[in-house]
Amino acid sequence: MDRKEADDVTALVRAIEPAGRAGIELQMLIARVQLPSSRIERLLRRHSDYFVQIADQSRFALNRFRKFRGSAELIVADVEQSYQRFAKMQLVGTILLVTSVLLTCGSYLLFG
């Protein structure tokens, strides 16, 4: 998860948390986090470990039935860990790319 997604998911968690088990209406959530509704809906679906839709309503709550048990603090900590893993993988990818370019250029210079 990149930094933007981590920040957006954290904002959703913070906006949903005060609503408790009753959840929050999607329209109220959109107003609170000020993100496009399509982005909010995509994040809510993508992160089902964190969020749950309440019955057939357009209300959402923190997911109490998955590993984080609806704990905003545990969810935010997991979001941050996911971002840290992403950032490390991005760094490793950059290092590998630079190393590959340097090796290619070096062999071209040596062997013409």
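An account of the accompanying structure is given in this report.

Rules and cut-offs
Residues numbered from 1 in each chain as written. Predicted model: local features only at pLDDT ≥ 70, side-chain atom pairs only at ≥ 80, totals over all residues. Heavy atoms only, no water. Axes fitted to C-alpha atoms, helices over the stretch in contact; angles between N-to-C directions. Helix = DSSP H or I, 4+ residues; strand = E, 2+ residues; numbered from the N terminus. Parallel < 35°, antiparallel > 145°, perpendicular 65-115°, else oblique. Contact = heavy atoms within 4.5 Å. Pairing = 2+ DSSP bridges. Core = buried A, V, L, I, M, F, W, Y, C linked by side-chain atoms within 4.5 Å. Buried < 20%, exposed > 50% of the residue type's maximum accessible area, 1.4 Å probe, protein only. 1 Å grid on protein atoms, 1.4 Å probe; cavity = no way out; pocket = protein on both sides within 12 Å on 5 of 7 lines; lining within 4 Å. Points joined across faces, edges and corners; volume = space filled by probe spheres on them. Nonpolar A, V, L, I, M, F, W, Y, C, P; charged D, E, K, R; others polar. Salt bridge = Lys/Arg side-chain N within 4 Å of Asp/Glu carboxyl O.

What to know about the packing of helix α2 (residues 26-33) against helix α3 (residues 37-46)
Here is step 1: Where α2 meets α3, the closest approach of the two axes is 10 Å, and the angle between their N-to-C directions is 110°. When the axes of α2 and α3 are compared, the pair comes out roughly perpendicular. Where α2 abuts α3, its residues Leu 26, Leu 29, Ile 30 and Val 33 lie against Ser 37, Ile 40, Glu 41 and Leu 44.

A look at the sheet that holds strand β1 (residues 24-25)
Here is step 1: Reading across from one edge, β1-β3-β2 is the order of the 3 strands in this open sheet, with antiparallel pairing throughout. Each edge of the open sheet carries a strand with a single partner, namely β1 and β2 (51-53).
Here is step 2: Relative to strand β3 (residues 59-62), β2 is paired through 3 bridges, and the arrangement is antiparallel. By the bridge assignment, Phe 51 is partnered in β3 with Leu 62.

Points about the nonpolar core
Here is step 1: Core analysis: the biggest nonpolar cluster contains 26 residues, and Leu 29, Ile 40, Leu 44 and Phe 51 have the highest contact counts within it.
Here is step 2: Here the element with the most residues in this core is helix α1 (residues 3-16); it accounts for 6 residues.

A look at the layout of surface pockets
Here is step 1: Its boundaries defined by the atoms lining it, the largest pocket holds a volume of some 170 Å³.
Here is step 2: In this structure, the largest pocket is lined by Glu 17, Gly 20, Arg 21, Val 52, Gln 53, Ile 54, Ala 55, Ala 61, Leu 62, Arg 64, Phe 65 and Gly 70.
Here is step 3: Among the secondary structure elements, those contributing two or more residues to the lining of the largest pocket are β2 and β3.
Here is step 4: Looking at the lining of the largest pocket residue by residue, the classes come out as 6 nonpolar, 3 polar and 3 charged.

Considerations on the pattern of salt bridges
Here is step 1: Inspection of every chain in the model, using the stated rule, returns 9 salt bridges.
Here is step 2: Where Lys 4 meets Asp 8, a salt bridge forms, and the shortest distance between an N and an O atom there is 3.0 Å. Residue Lys 4 and its partner Asp 8 are both found in helix α1; the two are separated by 4 residues, about one turn of the helix.
Here is step 3: In this structure Lys 4 comes out as partly exposed when scored by relative accessible area, which is 47%.
Here is step 4: The class of Asp 8 is buried, set by a relative accessible area of 6%.
Here is step 5: Taking the shortest distance from any N to any O, the salt bridge between Glu 17 and Arg 14 comes out at 3.8 Å.
Here is step 6: One network of salt bridges, in which partners are shared, links Arg 3, Asp 7 and Glu 80.

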